[in-house]
Amino acid sequence: MIITPRVRGFICLTSHPKGCEQNVVNQINYVKSKGTIDGPKKVLVIGASTGFGLASRITSAFGSNAATIGVYFEKPSAEGKPGSPGWYNTAAFEKQAHEAGLYAKSINGDAFSDEIKQKTLDLIKTDLGQVDLVIYSLASPRRVHPKTGVIHNSVLKPIGQTFSNKTVDFHTGNVTEVSITPASEEDIENTVAVMGGEDWAMWIDALKAANLLAPGATTVAYSYIGPALTEAVYRKGTIGRAKDHLEATAFTITDTLKDLNGKAYVSVNKALVTQASSAIPVIPLYISLLYKVMKAKGIHEGTIEQIQRLYQERLYTGSEVPVDEKGRIRIDDWEMRDDVQAEVATLWEQATTENLSEIGDLAGYRTDFFNLFGFEVEGVEYGTDVNEVVEVPGLV
Ligand code: NAI
Ligand code: NA
């Protein structure tokens, strides 16, 4: 079929297999161009199909020749019905990995569930024996709690008071004022239940109990801080509470891993266009200004540049992992540079519907958004028929 984008707000209902494949190939080529990393050998990536998790899987495999198992929740392709981008990304990744002689298998299902955890443990036991790196990169709006059965829905709200600020509809470029009413106590608890560290700890506990973690095993989850501009709705809002919980969980997990000499880290990453972040109010406006400033300074990075740098310059340097005063790895260092933030803050004051395409990188935002779904990718032929049904070669 000929596949075109069908956009509904901040999601796109269709995705393009060839575009997704090209994105993955581009990421692989980037990692290869940066040379070999003396990194992990057997890696489990939870949330492996898009965004930072996919970049982690690619960096593990093509930067460090690692065997990888990916867990994700994606819609398979079917006749007349394109799959979700993560489905096509994984198909492309596993095809490339297998051609390169690398072990790569994956499991599609709810990572929050006991069933998918058990399935993953069985696969590691049979195929890899143990893993030495576990990347935790889930971004989800809901979680069915495996012990209580309760469905938790996360919300993106400020805490304590109504938040009013500028936001942009990145499709139209319309800059408007948005007001978000504060979260209830229940909203906070639900968001922490979905995006906090409980599930990460459950994974590590289960892996450890089954003796599937190698001596010195490392686990990494991803967090975000961001600027004062977005603080009320992000870091000091409901999602920030979840990130506080996730960051605190790193210490609990490190205790769990003591006898293995293992360690849990949270890496604070840069704001980027992903399916998760385009859903957050105010963030798209911030990102479009940030992109403009960082590109002008020659320090813009995408997910693959971020994760490649995380591995090569933080996690696997051969010496101690550098962390901030709260024990976190900072790969958002360029985003948070004073000169960058000062310029973004000035542009933020000025931003209007009329000038945003000029002073912000709205075009870059949009391109990145469409790229997530395999559209507007350079070198891909979109006018012709493609087979929408694609197999994931390592799917278990
Ligand atoms: P994403 O939406 O690109 O990736 C989410 C991944 O989780 C996908 O592989 C998806 O299949 C998987 N997933 C979601 N629900 C699942 C479930 N129930 N079971 C199994 N897999 C499931 O998101 P992104 O942006 O890569 O986020 C990953 C982490 O990075 C999150 O913790 C996020 O907060 C963090 N982060 C994101 C930043 C951004 O600007 N996008 C910045 C800094 C941190
Ligand atoms: Na991810």
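As named in an unreviewed UniProt entry, the chain is Enoyl-[acyl-carrier-protein] reductase [NADH], taken from Rufibacter latericius. The annotation that UniProt attaches to the chain under Subunit (unreviewed entry) is "Monomer."

Caption draft 1: Structural detail: the overall build of the chain. Secondary structure assignment for the chain yields 13 helices and 13 strands. When the 396 residues of the chain are sorted by exposure, 57% land in the buried category. When the 38 basic and 49 acidic side-chain charges of the chain are each reduced to a single mean position, those positions are 2 Å apart.

Caption draft 2: Inspection of the site of ligand 1 at higher detail. Around ligand 1 lies a shell of 29 residues, among which Ser49, Thr50, Ala111, Lys243 and Thr274 are the nearest. Side-chain polar atom of glutamate 74 to an oxygen atom of ligand 1: 2.8 Å apart, as the coordinates give it. Within the backbone of tyrosine 222, one N or O atom sits 3.4 Å away from an oxygen atom of ligand 1. Listing elements by their share of the shell around ligand 1, those giving two or more residues are helix 2 (51-64) and strand 11 (213-223). Taken together, the residues of the shell around ligand 1 break down into 14 nonpolar, 11 polar and 4 charged.

Caption draft 3: Highlighting the nonpolar core. Grouped together as the largest cluster of nonpolar side chains are 84 residues, with contacts concentrated most on Ile58, Phe62, Tyr286 and Tyr311. When residues in this core are grouped by element, the largest group, 9 residues, is from helix 9 (residues 283-296). Apart from residues lying up to four places away in sequence, isoleucine 58 is in contact with Val24, Gln27, Ile28, Val31, Gly63, Phe93 and Ile304. Grouped together as the second largest cluster of nonpolar side chains are 33 residues, Ile107, Ala111, Leu128 and Leu246 included.

Caption draft 4: View of the UniProt feature "domain: Trans-2-enoyl-CoA reductase-like NAD(P)H binding" (unreviewed entry) in the chain. Taking the UniProt record as the reference, the feature "domain: Trans-2-enoyl-CoA reductase-like NAD(P)H binding" (unreviewed entry) is found at residues 2-78. Across residues 2-78, the secondary structure splits into 40% helix and 19% strand, with the terminal C-alpha atoms separated by 14 Å.

Rules used in this analysis
Residues numbered from 1 in each chain as written. Chains lettered and ligands numbered in written order. Predicted model: local features only at pLDDT ≥ 70, side-chain atom pairs only at ≥ 80, totals over all residues. Heavy atoms only, no water. UniProt positions renumbered as here; feature names shortened; annotations may be inferred. Helix = DSSP H or I, 4+ residues; strand = E, 2+ residues; numbered from the N terminus. Buried < 20%, exposed > 50% of the residue type's maximum accessible area, 1.4 Å probe, protein only. Lys, Arg positive; Asp, Glu negative; His and termini not counted. Charge placed at Lys NZ, Arg CZ, Asp CG, Glu CD. Near = heavy atom within 4 Å. Polar contact = N/O pair within 3.5 Å; in protein donor to acceptor, adjacent residues only side chain to side chain. Nonpolar A, V, L, I, M, F, W, Y, C, P; charged D, E, K, R; others polar. Core = buried A, V, L, I, M, F, W, Y, C linked by side-chain atoms within 4.5 Å. Contact = heavy atoms within 4.5 Å.

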